[in-house]
Amino acid sequence: MTFKLLVSMLAVLTLCSCESDKDYSQLTIAELNSVSTETDVGENTIILAPYLWRDFQPGGEESDSNLRASVTLADVNYREITTLSTSYIYVINNDEIWFTKLTEQPQSTEQVYEIDFRAVDGPKWDTGTYVDVVVAFNLNGEYTHVKTTEQYINETY
């Protein structure tokens, strides 16, 4: 009887841990294209505001010109965003995808309704190109995505 109980508990734990073990990199371009431009999680309605660029300023190494992203996830109703984790970015350029984990940036205590992230070392896609951006994240225990389209790859000199 104890063995059956132990096996049952392990099965439940395995099912519950699937969310944290989710393979975020397995989404296809078709799945990414179907993501909404805003997503509702509990009382939050989240949108995405990315800025993409390549840095050509003198003094850096050649690898410094790789694509970078600054991303803000914000609640459209200015509600506080809490317990957001596991954030990844997909940048879609036609049939190519740059996928990487985002790094959360320090937050202002006044703007609790938005969270900023950064990503570096992306591909060397042409500046002036328009791409789509999807961010995958876990908010309050719910796995979801949000997208924005036709984002311009900027350049700095």
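Above this text is the structure in question.
Asks: Please set out the pairing of strand β5 (residues 96-101) residue by residue, giving values where relevant.
Replies: Of the pairings in the sheet, the one linking strand β4 (residues 84-93) to β5 comprises six bridges and is antiparallel in character. Counted as the bridge partner of Y88 is K101 from β5. Here β4 folds back onto β5 in antiparallel fashion, the turn holding two residues, of which N94 has a positive phi close to 60°.

Asks: Describe the packing of aromatic side chains, and please don't skip the residues or the numbers.
Replies: Taken as a whole and judged by the stated rule, the model has six aromatic pairs. Seen from their ring centres, Y78 and Y113 are 4.9 Å apart, and the 80° between their planes marks the pair as edge-to-face. With Y78 in the loop between β3 (68-75) and β4 and Y113 in the loop between β6 (103-104) and β7 (114-119), the pair connects residues that are 35 residues apart, well separated along the chain. Note on Y88 and F99: the rings are 5.3 Å apart at their centroids and 10° apart in plane angle, and the pair reads as stacked. With Y88 in strand β4 and F99 in strand β5, the pair connects residues that are 11 residues apart, well separated along the chain.

Rules of the game
Residues numbered from 1 in each chain as written. Predicted model: local features only at pLDDT ≥ 70, side-chain atom pairs only at ≥ 80, totals over all residues. Heavy atoms only, no water. Pairing = 2+ DSSP bridges. Helix = DSSP H or I, 4+ residues; strand = E, 2+ residues; numbered from the N terminus. Phe/Tyr/Trp six-rings, centres within 6.5 Å; stacked < 30°, edge-to-face > 60°.

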